[in-house]
Amino acid sequence: MNKDMEIRSWVRQALQICVSAGLFFLIMGIMFKFSHSSHADRFFMAGIAALLIAPVIRVIMMIYGYARSGEYKFSFLSFTVLLLLLTALIL
Amino acid sequence: MFELTPFNFIIIAGFGFCIGIMGSVLGIGGGAFMVPFFVLCFKIPIHNAIAISLVAIVALSSSVASINVEKGIANMRLGIILEMLMVAGSITGALILFELDERVARAIFGCILFPVSFLMLLKTRKVSAKKDEELICPPEKFERALSGGFYDSSISKNIKYSVKNILPASLISFFGGSLAGLFGIGGGIVQVPLMNLVCGLPMKAAAATSNFMIGVSACASAFIFFRRGLVINEIAGAIVIGVVFGALTGIRVLHKSKSNKIQAVFAILLFMIGIKMLMG
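Residues numbered from 1 in each chain as written. Chains lettered and ligands numbered in written order. Predicted model: local features only at pLDDT ≥ 70, side-chain atom pairs only at ≥ 80, totals over all residues.

**Here we look at the overall build of chain A**
Applied cut-off: The helix count covers DSSP runs of H or I at least four residues long, the strand count covers runs of E at least two residues long, and both are numbered beginning at the N terminus. Each radius of gyration reported is based on C-alpha atoms, and the globular scaling rule is 2.2 Å times the count of residues to the power 0.38. Field definition: a residue is buried when 20 or more other C-beta atoms are found within 10 Å of its C-beta, exposed when 12 or fewer are, and partly exposed for counts in between, with C-beta atoms placed from the backbone. A residue pair is marked as a contact if its C-beta atoms, positioned from the backbone, fall within 7 Å.
In terms of regular secondary structure, chain A is built from three helices and zero strands. Starting at the N terminus and ending at the C terminus, chain A contains elements arranged as α-α-α. In summary, chain A has a C-alpha radius of gyration of 17 Å against a globular reference of 12 Å for 91 residues, an excess of more than 25%. For chain A, the spread of C-alpha atoms along the three principal axes comes to 55 × 35 × 10 Å. Evaluated residue by residue, chain A yields a buried proportion of 43% over its 91 residues. Expressed as a percentage of contacts within chain A between residues at least 6 apart in sequence, the contacts between residues at least 24 apart total 53%.

This is the structure we're talking about:
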């Protein structure tokens, strides 16, 4: 497997794990909501958090992947995107 | 106060399913449809509607990107360059929104939909005028750093292309990001024509790369809305479930279909929503 394929594979896996986790929590949240359970909101929060973290994890994977393959310019650009995302989290 | 009933869930998730299918094919987040849908059909305040829309766009983008990245259709290197300025624009847009009155935000959003619908119609005509084979760049240009290639199953050919006009494209990308933050749209409405017409990417690569990018810019704005407690969790949950399943269905079913006809219908629908938003 070449390095580009490796980065693509990491990005795919990171996104799929986060989306699957988010979807699981949200479906659980809906089920709890319809059964009038007080836990519904916690599942909704966990699901939304898992979804919102997916792009952040994806960017981290790209920073590491491009740095590992010696493409420091793209690694630095990805790092800048991560900094902007963290800025948005603080604001 | 909105109450999520099983009936409402079916309506919202069903709508999200349609958005997921369209978004995965056209490379847009669908915020231009979701925000008016929540405001007009469920009387949800526009700031909450935008917040919910942004969460759904992140879900749509992540679902579609995971498949397009694996297939090599999304150009990740170009995506990083454009999304850097797009994220900066998105944060700027989200912060400006809190200073805006709801009526003003609604009027601006309505007005923006008209040129966007025209742009989409125009793009449909341009794509129709060109055959897919004409979009293939000469092989000597292939060695550029941002060049890319993918297998297009609709024409059973390997498409290779190079990227041009990266500097003006980056600046326009900032504008696309600002729109995303301001109005809860993905920004794909700007990014897809930008990459297709300015950067010279084939339509499918432009749509896939746009889907790859819009999640990050929407995420930046969504963080701001989420921290301010503007996301209505149960509605976000319902629309996300629909959107994710729609995206996964759309990418498999519609990947081989021609998107120009769907896009024309899309443009007309945008125009109608614009009128409705302006009428309040």
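**A word on the overall build of chain B**
Within chain B, the secondary structure is distributed over ten helices and two strands. What you see in chain B, going N to C, is helices and strands ordered as α-α-α-α-α-β-β-α-α-α-α-α. Going through the 280 residues of chain B one by one, you find that 59% of them count as buried. Sequence-distant contacts, at least 24 apart, represent 81% of the contacts inside chain B between residues at least 6 apart.

**Describing the interface of chain B and chain A**
Counted only if it meets this: Lys, Arg, Asp and Glu make up the charged group, whereas Ala, Val, Leu, Ile, Met, Phe, Trp, Tyr, Cys and Pro make up the nonpolar group; the residues left over, Gly among them, are polar.
The partner chain A presents 37 residues to the 39 residues of chain B that form the contact. Breaking the side of chain B that touches chain A down by element, the ones donating at least two residues are helix 1 (6-26), helix 3 (46-71), helix 4 (76-97), helix 8 (203-227) and helix 9 (233-253) of chain B. Here the residues of the side of chain B that touches chain A are counted per class, giving 28 nonpolar, seven polar and four charged.

**So, the confidence of the model for chain A**
Rule in force here: The predictor rates its confidence in each residue with pLDDT, a number between 0 and 100.
The predicted model of chain A averages 91 in pLDDT, with 99% of residues at 70 or higher. Looking over chain A, one finds the lowest element-wise mean pLDDT in helix 3 (residues 72-90) of chain A, namely 90, and the highest in helix 2 (residues 40-68) of chain A, namely 93.

**A word on the confidence of the model for chain B**
Residue and element names in this part refer to chain B. Model confidence for chain B is summarised by a mean pLDDT of 79, while 81% of its residues fall at 70 or above. Highest mean pLDDT in chain B belongs to helix 1 (91); lowest belongs to helix 10 (residues 260-279) (68). In the predicted assembly, ipTM is 0.94 and pTM is 0.85.

**A short note on the packing of helix 7 (residues 188-198) of chain B against helix 8 of chain B**
Residues and elements named next belong to chain B. Keep this limit in mind: Here the axes come from fitting lines to C-alpha atoms, over the contacting stretch only for helices, and the angles between their N-to-C directions go from 0 to 180 degrees. Should an angle fall under 35 degrees it is called roughly parallel, over 145 degrees roughly antiparallel, and 65 to 115 degrees roughly perpendicular, with every other angle called oblique. Here a crossing is called left-handed whenever its near helix is offset anticlockwise from the far helix by less than a right angle, and right-handed whenever the offset is clockwise.
As a packed pair, helix 7 and helix 8 sit with axes 8 Å apart at the nearest point and diverge in direction by 140°. Accordingly, the angle class assigned to the pair helix 7 and helix 8 is oblique. In the packing of helix 7 onto helix 8, the handedness of the crossing is right-handed. On helix 8, the residues touching Gly188, Gln191, Val192, Met195 and Asn196 of helix 7 are Met203, Ala206, Ala207, Thr209, Ser210, Asn211, Met213 and Ile214. Across the contact of helix 7 with helix 8, the residue classes break down as seven nonpolar, six polar and no charged.

**What to know about the pairing of strand 1 (residues 148-152) of chain B**
Residue and element names in this part refer to chain B. Heads up, the rule is: In this description, strands pair whenever DSSP reports at least two bridges between them.
Residues of strand 1 alternate between two faces, with Gly148, Phe150 and Asp152 buried on one and Gly149 and Tyr151 left unburied on the opposite face. As paired strands, strand 1 and strand 2 (residues 157-161) are joined by five bridges and run antiparallel to one another. Across the sheet, residue Tyr151 finds its bridge partner in strand 2, namely Asn158. The hairpin turn running from strand 1 into strand 2, its antiparallel successor, is four residues long, and Ser156 in that turn takes a positive phi close to 50°.

**Considerations on unusual backbone geometry**
The backbone of His36(A) sits at a positive phi, close to 55°, despite the residue not being glycine. Residue placement: His36(A) occurs in the loop between helix 1 (3-34) and helix 2. The phi dihedral of Lys43(B) falls on the positive side, at around 55°, and the residue is not glycine. Along the chain, the position of Lys43(B) falls in the loop between helix 2 (31-42) and helix 3.

**Thoughts on the packing of helix 3 of chain B against helix 8 of chain B**
All names here are of chain B. Axis separation between helix 3 and helix 8 bottoms out at 7 Å; the angle between their running directions is 145°. As helix 3 packs across helix 8, the resulting crossing turns out to be left-handed. Together, Ile50, Ala51, Leu54, Val55, Ile57, Val58, Ser61, Ser62, Val64, Ala65, Asn68 and Val69 of helix 3 and Ala208, Asn211, Phe212, Ile214, Gly215, Ala218, Cys219, Ser221, Ala222 and Phe225 of helix 8 make up the contact between the two elements. Grouping the amino acids of the contact of helix 3 with helix 8 by side-chain chemistry returns 16 nonpolar, six polar and no charged.

**Section: helix 2 of chain A**
The α-helix winds at 3.6 residues per turn, so residues separated by three or four positions along the chain end up facing the same way. Residues and elements named next belong to chain A. Test applied: To estimate how far a helix should extend, the number of its residues minus one is multiplied by 1.5 Å. Bend angle per residue: angle between axes fitted to the 7 residues ending at that residue and the 7 residues starting there.
Counted at 1.5 Å a residue, the expected span for helix 2 with its 29 residues is 42 Å, and the 42 Å between its end C-alpha atoms agrees. Considering bend angle alone, the principal kink of helix 2 is centred on Ala54 and spans about 30°; proline Pro55 follows within four residues of it. Just beyond helix 2, the residue with positive phi is Gly70, at close to 80°.

**Quick word on the environment of Ile17(A)**
All names here are of chain A. By secondary structure assignment, the location of Ile17 is in helix 1. Looking at Ile17, the number of C-beta atoms within 10 Å reads 14, which means it is partly exposed. On a C-alpha basis, the gap between Ile17 and Leu51 in space is 9.7 Å, while along the polypeptide they are 34 residues apart.

**A word on the environment of Cys18(A)**
Tracing the backbone through its elements, the reader meets Cys18(A) in helix 1. Expressed as a C-alpha distance, the spacing of Cys18(A) and Pro55(A), which sit 37 residues apart in the sequence, is 9.0 Å.

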